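# Structural overview for review
Read off the chains here:
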Amino acid sequence: MLPRICIFLYCIFIALSSFSTTSSLLNLTLPHQYPNSEAVVQEVQRRVNVSISRRKMLSEQSQCLTGNPVDDCWRCDPNWVANRQRLADCAIGFGQGALGGKGGQIYVVTDSSDHDTANPTPGTLRHAVIQDVPLWIIFQSDMIIKLKHELIISSYKTIDGRGANVHITGHGCLTLQYISNVIIHSVHIYNCLPSGNAIIRSSPSHADWRGKSDGDGISIFGSRNIWIDHCALSHCTDGLIDATLGSTAITISNNYFSHHDKVMLLGHNDKYLADSGMQVTIAFNHFGEGLVQRMPRCRRGYIHVVNNDFAKWEMYAIGGSANPTINSQGNRYIAPADPNSKEVTKRVDTDEGEWAGWNWRTDGDIMVNGAFFVPSGEGLSTQYAKASSVAPRSAGLIDLLTMNAGVIGGPRDNGMSMSYGGGAATGETGGGGGGSSGRDDDYFGMIFGSGASPTKSFPSTIMLLSLLIILSLYIMTNHIGSLSLL
């Protein structure tokens, strides 16, 4: 009897192992993940519609209104400088909960130097971002900050470049690792190079040895409640923005991306299950000159791409693998002249038989110069089949919504005169790395989840597994009982 039970339990183990690789069994959530992605999407749409309607009604009285709900939230206040922290109430989408340094003191950066990464000088940006209290960081004047190594930012910080022309460049650039509630606003980030193998301070009480970084503009590892708004990013060695290792609740809005190969990576690798709970809103950005691919490139999770202007790409705009949900709404896609690069989408290293069920949607997108989006899964339904019938005035709305993308008051583009650190176009390779401390497998107590809609077989699968477990327990109990009678 006992050998039979062992064989039976082994079969259950094999069944569980096989099911664990499917998305249907991973419909759980990360901490701080929104339970209903579609509700967040609808709220973004509502806020855009409210801002556009308000602009139409009040345009004669208020010239500041653009219909962009983020900008209209704070720019119409003539006294915004005295009320900077109002910005923390203006985010939309999955990163809307990012508090940044709201409620904390104002920290004024007065020194652009970065001489000592182990013991930062007071008044420098590095000294500000490692403090263990909420801070709203602003800049005394225009400055170029040339980083010696990656800048490790702690929780509850806002880097607010409004009112100054702030450039961050050099080695490592910005790292957000296992932290929460950060806002990065109105700064230029470019020419970021790999660095590391050095002691870098991450808090007033802790400095640690850091391995070599990838040279990303902004690296987000295992972090949540992040908002990146009105920045200009270009010319980095690896990615402009990479979010990996179970990061979630992120909004990337109103930025100007240019002159780069691999623009944005969302997801560590295809097998990293924690990224199934990733939720990212990409809104009102301008994807401009010299871009090749990854706008973004997604692994797992739920990615809402809404009201962006994709002006240029060389290979593709949006790519993915490992069954991410991609909801593309109200974007303008302008295809390049190359007849082989007209497709907006790219399923990376995946057969059609596998990706045909992925939920990739196009809703109200504008396709220009032969661009086309290949939907799949639920995206094939009539609910999302409106891309080719959008009224021409929608293009004007894209111009309006993205007209201020980048750093407000400064050049939108970081300029072709800068050395290009992004390397040649090499196609799809590799995954999200980072100069972290070897913690790629650190799940820090996460429960894994899938951003994709569960398959229809999910309830029956759970019932089957439940019955198998109950049956095995019943047999074991009876067997143990029979042994006790012997």
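Heads up: these notes are all about the structure in this document. Everything quoted here is computed from the prediction, not taken from an experiment. (Residues numbered from 1 in each chain as written. Predicted model: local features only at pLDDT ≥ 70, side-chain atom pairs only at ≥ 80, totals over all residues. Heavy atoms only, no water.)

Of all hydrophobic cores here, the largest spans 65 residues; its most connected members are L125, L174, I218, F257 and Y333. Those residues in contact with I218 that lie beyond four places of it in its chain are L174, L176, I184, I189, I228, L233, L240, I241 and D242. Counting residues in each nonpolar core, the second largest holds 21 residues, with L87, A88, A91 and A98 among its members. (Core = buried A, V, L, I, M, F, W, Y, C linked by side-chain atoms within 4.5 Å. Buried < 20%, exposed > 50% of the residue type's maximum accessible area, 1.4 Å probe, protein only. Contact = heavy atoms within 4.5 Å.)

A word on unusual backbone geometry. In this structure, P296 follows M295 across a cis peptide bond, with omega equal to 10°. The residue P296 is located in the loop between β22 (291–293) and β23 (297–299) in this model. The residue H235 is not glycine, and still its phi comes out positive at about 55°. Looking at the element boundaries, H235 is found in the loop between β14 (232–234) and β15 (241–244). The residue N307 is not glycine, and still its phi comes out positive at about 55°. Topologically, N307 is positioned in the loop between β24 (302–306) and β25 (309–310). According to the relative accessible area criterion, N307 is buried, its value standing at 13%. (Helix = DSSP H or I, 4+ residues; strand = E, 2+ residues; numbered from the N terminus.)

Looking now at the sheet that holds strand β19 (residues 264–266). Spatially, β4-β7-β12-β15-β19-β23-β26-β29 is the arrangement adopted by the eight strands of the open sheet, whose pairing is parallel. Across the chains shown, the open sheet's two edge strands, defined by having one partner strand only, are β4 (151–152) and β29 (345–347). Here two bridges tie β4 to strand β7 (residues 174–177), and the two strands are oriented parallel to one another. Looking at the pairing, I152 lines up with T175 of β7. (Pairing = 2+ DSSP bridges.)

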